[in-house]
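One letter stands for each residue in the lines below.
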Amino acid sequence: MLDLKIVGGTVVDGTGAERYPADIGVLDGRIVEVRRRGPGDPGLTVEAAETIDATGRIVTPGFVDIHTHYDGQVSWDELLEPSSLHGVTTVVSGNCGVGFAPVIPGREQWLIELMEGVEDIPGTALAEGIIWQWESFPEYLDAIEKRPLAIDYGTQIAHGAVRGYAMGDRGARNEDATDEDIAVMARLVREAIEAGALGFSTSRTEGHRAVDGEPVPGTYAAERELFGIGRAMAAAGRAVFEVAPQGAAGDGTPEDALAELEWMVRLADEIDRPVSYAMVQCAGAPWLYREQLERTGAARARGVQICAQFAARPFGMLFGFPGYHAFTHRPTYRRLQAELDRDELAVRLADPAVRQAILSEEDLPPQPFPLYDGMYALIQHSLDRIYPIGDPPDYEPTPDRTVAAIAAQRGEDPLATLYDLMLEHDASALVMLPFFNYVDGNHDAIHEMITHPAAVSGLSDGGAHCGLICDASYPTYLLTHWARDRRRGPRLPLEYVVRRQTRDTATLYGLSDRGVIAVGKKADLNVIDFDALQLDLPRMVYDLPAGGRRLIQGATGYDATIVSGVVVRRHGADTGARPGRLVRGTR
């Protein structure tokens, strides 16, 4: 008797092969039968404890998201949302050089402020939510392993934490590492990989800073430090060296970005391990991603394990009254925000007299702290690049949909138009500034990235950028936009899009037990009503510890998400099952 069988569905198996009708049998967390059906074939007839009728549905492997930041959230959130809302059954955390282990006892707050600054996760939520039960990275893994989880969680050891532990304040201030410092860091990284870390991550972009404005430890690390750590990682086993490189956020020159790629290629070649780096299209050098892809592809042709991580849509920010917006420094808004709760504030913002007062006022000056206090000015000066997100969300809008263009059509002041657009949906509506990957006002650059063999799907940042970005929905967007709905350019085959976020991502991290539907593989699966699959509007919720806020975006159309043969979500709702496990090392 089987534990589970899925009958009547169309299998998109993660290999890129053409879809086919088949039934799937699951026992003890593994796929034990994939029976293709033909005309008149009764299919899989063996009994099962549970049967899912997938008639009219596609069945895919569970999605493997390799670029998330649930390092702290895993301490309190068993579901790892928003990622698990989008068919993700495995996440890889510890990216961009920030994490919570190792930690010198008494320096936990420093790591919190580092994560808060780089990834915009409320420090108060991290401080209240994390139960510190570790000093070393192996002890961190031991603590997480005890947590009940809906989906699988893997992580990497982060350069920032390693530097802070090995070098103390010198590491935090980005001072040069001595030979002794590098030896200590190498030992810590090797210890972590041997304990089950999936890789090592570092950030070298000046866009990543702690709340005090200090660049992430490791930003200016010398090659001998990076190569010393890389060699130690490789000596410990199969692992990935993940980089947020200089130039990833448009900082530095194109020459700097290409110099970064040059050392990454040399490192990957020397240690014979994958090096993966973040890649987006920036306005300052909109052609640079092509050069990066070309050079990365040439290195791969020589057998070097290097790849770029692409984003599935424009990498941007969401603004609205619930979060950051253009009017945060207007005196009337400040007063009402201090006096009223969220619901009362939404009502008052719709009052014509309040609207007029806010629009007529001058801004109060920004302060060095809190972080992003000057965001209102960026918004005010970007109205020709900001779009209402629409319902359903439209991430490839046309130029006539900018706030400035709408204002011109209405004969209004653009700030007044922005105010009114944000008033929609009871003052919860959001507008979008596509910061990267939208230089040409379309997704053609992203299409090049997705279809390039030297690139891999990543950069969703699930669990991070809580007040500005909600890109953990990439897995759903890859299906809806790229395989079904795109109108302003070519679409991609469903089989290809599924492969890009299952087999390809799992393979990069050495997770050969998942990512495809085949006998013997882990029974991580999705049953999807592809025709009905739809992204929800992103919205602000206040469910983090200490009442912290975060943007979240769900989806409709996932009939079932299955982890190790157990249904963890049914029609989007949590079933209460917790089959998720810590992923220790490659397999």
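Comments concerning the pattern of salt bridges
Side chains carrying opposite charge are able to pair once their charged atoms draw close together.
Then step 1. A full pass over the atoms with the stated rule returns 42 salt bridges.
Then step 2. For Glu-50, the salt bridge goes to Arg-570, with nearest N and O atoms at 3.0 Å. In this pair, Glu-50 sits in strand 4 (residues 48-53) while Arg-570 sits in strand 24 (residues 566-570), placing the two residues 520 residues apart along the sequence.
Then step 3. For Glu-50, a relative accessible area of 28% puts it in the partly exposed group.

Regarding the packing of aromatic side chains
Then step 1. Enumeration over the complete set of coordinates arrives at 15 aromatic pairs.
Then step 2. Consider the rings of Phe-200 and Phe-241, whose centres lie 5.1 Å apart with planes at 50°: the pair is tilted. Residue Phe-200 is found in strand 10 (residues 199-203), and its partner Phe-241 is found in strand 11 (residues 240-244); the two are separated by 41 residues along the sequence. In terms of burial, Phe-200 and Phe-241 fall into one category: buried.
Then step 3. Here Phe-321 and Tyr-419 contribute two aromatic rings whose centre-to-centre distance is 5.2 Å and whose plane-to-plane angle is 75°, an arrangement assigned as edge-to-face. One end of the pair, Phe-321, is in the loop between strand 14 (315-319) and helix 10 (331-339); the other, Tyr-419, is in helix 15 (residues 414-427), with 98 residues separating them in the sequence. For the pair Phe-321 and Tyr-419, a shared accessibility class is recorded, and that class is buried.
Then step 4. Clustering of aromatic rings is evident, with ring pairs tying together Phe-100, Trp-132, Trp-134, Phe-137 and Tyr-140.
Then step 5. We note Arg-313 situated over the ring of Tyr-395; from NZ or CZ to the ring centre the distance is 3.9 Å.
Then step 6. Between Arg-484 and the ring centre of Phe-530, over which it is positioned, the NZ or CZ distance is 5.7 Å.

Structural notes on the sheet that holds strand 7 (residues 88-92)
Then step 1. The strand order across the open sheet built from three strands is 6-7-8, with neighbouring strands paired in parallel fashion. Of all the strands in the sheet, just strand 6 (63-65) and strand 8 (152-154) have a single pairing partner and so form its edges. With strand direction ignored, the average angle separating the axes of adjacent strands in the sheet is 20°.
Then step 2. Pairing of strand 6 with strand 7 involves three bridges; the strand directions are parallel. Directly across from Phe-63, in strand 7, lies its bridge partner Val-88.

Structural notes on the sheet that holds strand 13 (residues 306-310)
Then step 1. With parallel pairing, the six strands of this open sheet are ordered in space as 9-10-11-12-13-17. Edge positions in the open sheet fall to strand 9 (157-158) and strand 17 (455-457), since each of these has one partner strand only.
Then step 2. Strand direction decides the pairing type here: strand 10 and strand 11, joined by five bridges, are parallel. By the bridge assignment, Ser-201 is partnered in strand 11 with Glu-242.
Then step 3. Along the sheet, helix 7 (residues 223-236) makes contact with strand 10 and strand 11, crossing strand 11 at roughly 150°.

Structural notes on the side chain of Arg-313
Then step 1. Along the chain, Arg-313 turns up in the loop between strand 13 and strand 14.
Then step 2. The class of Arg-313 is buried, set by a relative accessible area of 0%.
Then step 3. If sequence neighbours within four positions are ignored, Arg-313 has contacts with Tyr-395, Asn-437, His-443, Ile-446, Cys-470, Asp-471, Ser-473, Tyr-474, Tyr-477, Leu-535 and Gln-553.

Rules used throughout
- Residues numbered from 1 in each chain as written.
- Predicted model: local features only at pLDDT ≥ 70, side-chain atom pairs only at ≥ 80, totals over all residues.
- Heavy atoms only, no water.
- Salt bridge = Lys/Arg side-chain N within 4 Å of Asp/Glu carboxyl O.
- Helix = DSSP H or I, 4+ residues; strand = E, 2+ residues; numbered from the N terminus.
- Buried < 20%, exposed > 50% of the residue type's maximum accessible area, 1.4 Å probe, protein only.
- Phe/Tyr/Trp six-rings, centres within 6.5 Å; stacked < 30°, edge-to-face > 60°.
- Lys NZ or Arg CZ within 6 Å of the ring centre and 35° of its normal.
- Pairing = 2+ DSSP bridges.
- Axes fitted to C-alpha atoms, helices over the stretch in contact; angles between N-to-C directions.
- Contact = heavy atoms within 4.5 Å.

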